[in-house]
Amino acid sequence: MAILYNMGTNFVFGSISYITKALVAVLQLAVTMDYSIFLWHSYQDMKKQHDDNVEAMAYAIKETFISIASSSLTIIAGFLALCFMSYKMGKDLGIVMAKGVVFGLISCVTILPSLILIFDKLISKTMHKSLIPNMNKFSGFVTKNYLAFVIIAICLFIPSTIGYAKKPIYYDFTKILETEDGEGINQDDILSIVADMKLKEEYGVSSTHMILCDAKMNATKATTMLSELEKVKGVKLVLWYNSLVSDTIPEEIIPDRLTSILKSNNWQLILVNSEYTASTTDCNNQLENLNKIIKNYDDNAMLIGEAACTKDLISITDVDFKVVSLVSIAFIFVIILFTFKSITLPVILVAIIEFAIFLNLGLTFYTKTDMAFIIPVCISTIQLGSLVDYAILLTSKYKKERLNNKDRKEAVKDALASSSSSIITSAFGMFFATIGVAIYSEINVISTMCNLLARGAIFSMLAVLIELPGLLIIFDKVICKTSLDFKNITKGEIHEEIKL
């Protein structure tokens, strides 16, 4: 219902991108399903304390709202970070998904409680035992071997960092429409793709650049410029208005329709056919050489076309990726800082999810999985914003156990045992919500993004369940000294040592 509310209110934007439309339902389902699970578990606990179901639900809503509202802040922050992209699709996806999280939160504490109370008897009759086993043995094993797991993480970090730096990214919009087998989506119906294929097959032309220069440029100067353009490596043909005029073809007999295409009062159009495909290194180098030549003859001249736009896109999205990553990390760092009143915990929690992100995106280099330029920035922000909750949940349990005067290992062990089921349930909810779309979708960019989100959920789960406990144990003293709520723990331990 919350997804329908979100999708239905998108009309206020006029239109949304097809990628946003394809992803919004599955992402909203994946990231807000936890709210429903938290409410249900809280209601079950309250039923044991209260005889009246309505009263039990009232307490469950009160208890759940604070935790899921806090949880939603990190997710909303992650999506809103996409709005800092220069490329407008980031803003499109970010706003729609942030709105979806808000609808999910409101629906969880209004509509869902009503439905649970109405169908309470039916739910009770159809319940079964939990499929997730007791996690005490698992938590004991992890805390006992925490140093080994930390060493494994360090070993994995090096190749994942290398892979992350070399992750294969493409900027070709034609390829974005391709299917996993490379055949394309109704390729024969997309006239631009058919035309590009014909040009490449018949004439060896992979891309066409367009130059707009001063229409009043004298013929001698223009001819000299064109001769230089023709000498640039990879240029197949240079065509302009004067190419149609010769001693045998006077200017007067050139049709007005053709003249209007190549020349106006202020500008003249020069077409440059290239054997290089847009977004490749050779093509980008060619564009730089062409741009230098035309600027020597006309300061106001412009080099345009798909390849030129793609080259600009590469530089823009490179900056976008850095900006959005820093903004999302900063947002979530501040949220965790105020949640735990600690300087070190935000560093540790963000670092553990960033480690999972590096693993996820770094693996694409080794599996040779090409990604559309928009995918890495979306994955990094969504995975950080949505899945850092796993780390927050475990750390909250650890804090609670430490405040109950348990030592660091015992506190981490009990925290891991009590939070593992929730983390596993949430991670597999995200996994199955996204992997279905990854398998079903025929559009390359959507399939790849959902596949990486599904894998990211599992990597984040494993990082939190296996690696985070070791970091909490290792940095326990530092955490206690740099966290306001942990000050009493440090004082209590010193007092116990003096007493002994």
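Above: the structure in question.
Residues numbered from 1 in each chain as written. Predicted model: local features only at pLDDT ≥ 70, side-chain atom pairs only at ≥ 80, totals over all residues. Heavy atoms only, no water.

Draft legend 1. Representation of the sheet that holds strand β4 (residues 267-274). Strand order across the open sheet formed by 4 strands is β3-β4-β2-β5, with antiparallel pairing between neighbours. Pairing within the sheet leaves two strands with one partner each, and these edge strands are β3 (235-239) and β5 (302-304). The mean inter-strand angle of the sheet, taken between neighbouring strand axes irrespective of direction, is 20°. As paired elements, strand β2 (residues 207-214) and β4 share 8 bridges and run antiparallel to each other. When the bridges of β4 are listed, L212 appears paired with L269. Most of the contacts of helix α12 (residues 281-297) go to β2, to which it runs at about 15°, and overall it touches β2, β3, β4 and β5. (Pairing = 2+ DSSP bridges. Helix = DSSP H or I, 4+ residues; strand = E, 2+ residues; numbered from the N terminus. Axes fitted to C-alpha atoms, helices over the stretch in contact; angles between N-to-C directions. Contact = heavy atoms within 4.5 Å.)

Draft legend 2. A look at unusual backbone geometry. Residues other than glycine seldom take positive phi values, yet K341 does so here, at roughly 50°. If you trace the backbone, K341 turns up in the loop between α13 (306-340) and α14 (344-367). Phi is positive for K368, close to 55°, though the residue is something other than glycine. By the secondary structure assignment, K368 is in the loop between α14 and β6 (371-372). Its relative accessible area of 71% is what places K368 among the exposed residues. (Buried < 20%, exposed > 50% of the residue type's maximum accessible area, 1.4 Å probe, protein only.)

Draft legend 3. Molecular detail of the packing of helix α10 (residues 219-231) against α12. The N-to-C vectors of α10 and α12 enclose an angle of 165°; their axes lie 10 Å apart at closest approach. By the angle between their axes, α10 is roughly antiparallel relative to α12. The two elements α10 and α12 cross, and the hand of that crossing is right-handed. Residues K221, T224, M225, E228 and L229 of α10 touch α12, and the partners they reach there are L290, I293, I294 and Y297. Of the residues that constitute the contact of α10 with α12, the class distribution is 6 nonpolar, 1 polar and 2 charged. (Parallel < 35°, antiparallel > 145°, perpendicular 65-115°, else oblique. Left-handed = near helix turned anticlockwise from the far one by under 90°. Nonpolar A, V, L, I, M, F, W, Y, C, P; charged D, E, K, R; others polar.)

Note that all results are geometric; they support no functional claim without further evidence.
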